[in-house]
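Each chain, letter by letter, is given below.
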Amino acid sequence: MVQTKIWKKDELDQAVKAIKRGALVAFPTETVYGLGADAFNEGAVSKVYAAKGRPSDNPLIVHVADVDQVARFAERNDWADKLMTAFWPGPLTMILPVKADTVSTTVTGGLDTVAVRMPDSDLTRELIRLTDSPLVGPSANTSGKPSPTTAQHVYHDLHGKIAGVLDDGSTKIGVESTVIDLSTDQPAILRPGKITPAQIEMVLGVPVDSALKHVDANEAPKAPGMKYRHYAPDKDVYMVNDADWTKAIVWAQGQLEPVGLMLTNDQIIAHQLSGMDFVWSLGADDESAAAKLFAGLRRFDDWPEVNTILVTTLPDIAENAAYNNRLGKAAGDHLVNELFE
Ligand code: TXA
Ligand code: MG
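Residues numbered from 1 in each chain as written. Chains lettered and ligands numbered in written order. Predicted model: local features only at pLDDT ≥ 70, side-chain atom pairs only at ≥ 80, totals over all residues. Heavy atoms only, no water.

Describe the pattern of salt bridges, naming the residues involved and giving the relevant values.
Scanning all chains against the criterion turns up 10 salt bridges. One salt bridge connects Lys8 with Asp167, and the closest N-O pair in it is separated by 2.9 Å. Of this pair, Lys8 sits in the loop between strand S1 (5-7) and helix H1 (12-20) while Asp167 is found in the loop between strand S8 (164-166) and strand S9 (178-181), placing the two residues 159 residues apart along the sequence. Looking at Lys8, the relative accessible area reads 44%, which means it is partly exposed. Here Glu30 makes a salt bridge to Arg117, at a shortest N to O gap of 2.9 Å. Taken as a pair, Glu30 in the loop between strand S2 (25-27) and strand S3 (34-38) and Arg117 in strand S6 (residues 113-117) lie far apart in primary sequence, 87 residues in all. Grouping residues by exposure puts Glu30 and Arg117 together as buried. (Salt bridge = Lys/Arg side-chain N within 4 Å of Asp/Glu carboxyl O. Helix = DSSP H or I, 4+ residues; strand = E, 2+ residues; numbered from the N terminus. Buried < 20%, exposed > 50% of the residue type's maximum accessible area, 1.4 Å probe, protein only.)

Quick one: what's the story with the domain arrangement of the chain, residue by residue and with numbers?
For the chain, the domain assignment lists domain 1 (5-226) and domain 2 (236-339). Using only C-alpha atoms to locate each centre, domain 1 and domain 2 end up separated by 28 Å. Of the residues lining the interface, 23 residues belong to domain 1; the matching set on domain 2 comes to 16 residues. Summed over both sides, the interface between domain 1 and domain 2 buries roughly 1,500 Å², with carbon and sulfur atoms accounting for 53% of that surface. If you sort the residues of domain 1 by the area they bury against domain 2, Pro146, Val175 and Pro192 come out on top, with a joint share of 32%. Scanning the region where domain 1 abuts domain 2 turns up four salt bridges. Between Arg298 and Asp157 there is a salt bridge; the shortest N-O distance is 3.0 Å. Counting every contact that joins domain 1 to domain 2 gives eight residue pairs in polar contact (both at pLDDT 80 or more). Tallying contributions element by element places helix H6 (residues 151-158) first for the side of domain 1 that touches domain 2, with three residues. A per-class count over the side of domain 1 that touches domain 2 returns eight nonpolar, nine polar and six charged. (Domains from an automatic or database assignment. Contact = heavy atoms within 4.5 Å. Buried area = accessible area lost by both parts, 1.4 Å probe. Polar contact = N/O pair within 3.5 Å; in protein donor to acceptor, adjacent residues only side chain to side chain. Nonpolar A, V, L, I, M, F, W, Y, C, P; charged D, E, K, R; others polar.)

Run through the sheet that holds strand S14 (residues 308-312), naming residues and quoting values.
Read across the open sheet, the four strands follow the order S11-S14-S12-S13; overall the sheet is parallel. The strands lining the two open edges of the sheet, one partner per strand, are strand S11 (236-240) and strand S13 (279-281). Averaged over all adjacent pairs, the angle separating strand axes in this sheet is 20 degrees, with direction ignored. Across four bridges, strand S12 (residues 259-263) lies against S14 in parallel orientation. Bridge pairing links Leu261 to Leu310 in S14. In the packing of helix H10 (residues 286-301) onto the sheet, the strands contacted are S11, S12, S13 and S14, and the crossing angle to S13 comes to about 160 degrees. (Pairing = 2+ DSSP bridges. Axes fitted to C-alpha atoms, helices over the stretch in contact; angles between N-to-C directions.)

Report on unusual backbone geometry, specifying residues and quantitative values.
Residue Pro89 is reached from Trp88 by a cis peptide bond, and omega for that bond is -5 degrees. Relative to the helices and strands, Pro89 is located in the loop between helix H3 (78-87) and strand S5 (92-97). Residue Asp132 is not a glycine yet carries a positive backbone phi of 60 degrees. Topologically, Asp132 is positioned in the loop between helix H5 (122-131) and strand S7 (135-136). Residue Asp333 is not a glycine yet carries a positive backbone phi of 65 degrees. Here Asp333 shows up in the segment after helix H11 (321-330). Classification of Asp333 as exposed rests on a relative accessible area of 57%.

The following block contains the structure:
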């Protein structure tokens, strides 16, 4: 068992040393914390799967410090170049053909493509630059748990299993990057994120397939990770549409056990829940709701008295697709209305 360290910015050299000796270091990004290992060190990459308890057919995103590092393992194309210029560093992951004899099948899950992204964190890009190697970086949670948005979340899940966490406070965006497949003849969104299909179409000038591919048991999923029940806390989670909160609160108040409620400030005021226990504020607007979703799920997950969590959906517009998608996965698509029947 290793003693997991929490390193501040001025201890970056400790994190660099750990990565160079093949150990695991979690790093901050603008979306969620990632679990870093040298992408060219197969032994280190294998340890990532073991630490997370992640299925080995679910490939990893390779994080780069600059555009030049991409050519060390992936084939760039015109679409990729345009999107890199427009959105990097930022929350967009691109799937590109992998170059033979570069990163191992442990990184790609045996696919002939590889996922790549340049995170919008000066500290993490400096970490990658100083280690002089791209880093794999799945979200730094135990597989099946909500992704971590603070260094403390990482520590909670992975202490004793990784060398350390580079702590740069709470992540800004709070949900994982948009994943776009650029390896076929039409760009296709595999996972919704902060960057919307319309923003990508504007840059590429071609239509983007944004119908997330339905994953069934007989078909290999496009993004292998999307087939697993992700982001799932141990408690029962239900989605609540704005119009159903009055009924949902009456239901919650009628239960013998406390029910966790996650809603926006406006909803908290409208339903006179200010200052109440078992209420988690998602903040003032849709952006803050995305930033605070996973932290709220984790808060109630660790609250022994709470077994049921009700979480607001956000209006069904492209900007909220990532939030509603992750909430849907946490809730197994269950709506609170099922409880009223
Ligand atoms: O925001 C993010 O993307 C965060 C931060 C740390 O960068 N990372 C992250 O990684 O969310 P992870 O491993 O939790 O999710 C990566 C997703 C998975 O759904 C995986 O199946 C998919 O990307 N993926 C990775 N490589 C792929 C490939 N070659 N083809 C298709 N999907 C791929
Ligand atoms: Mg993940």
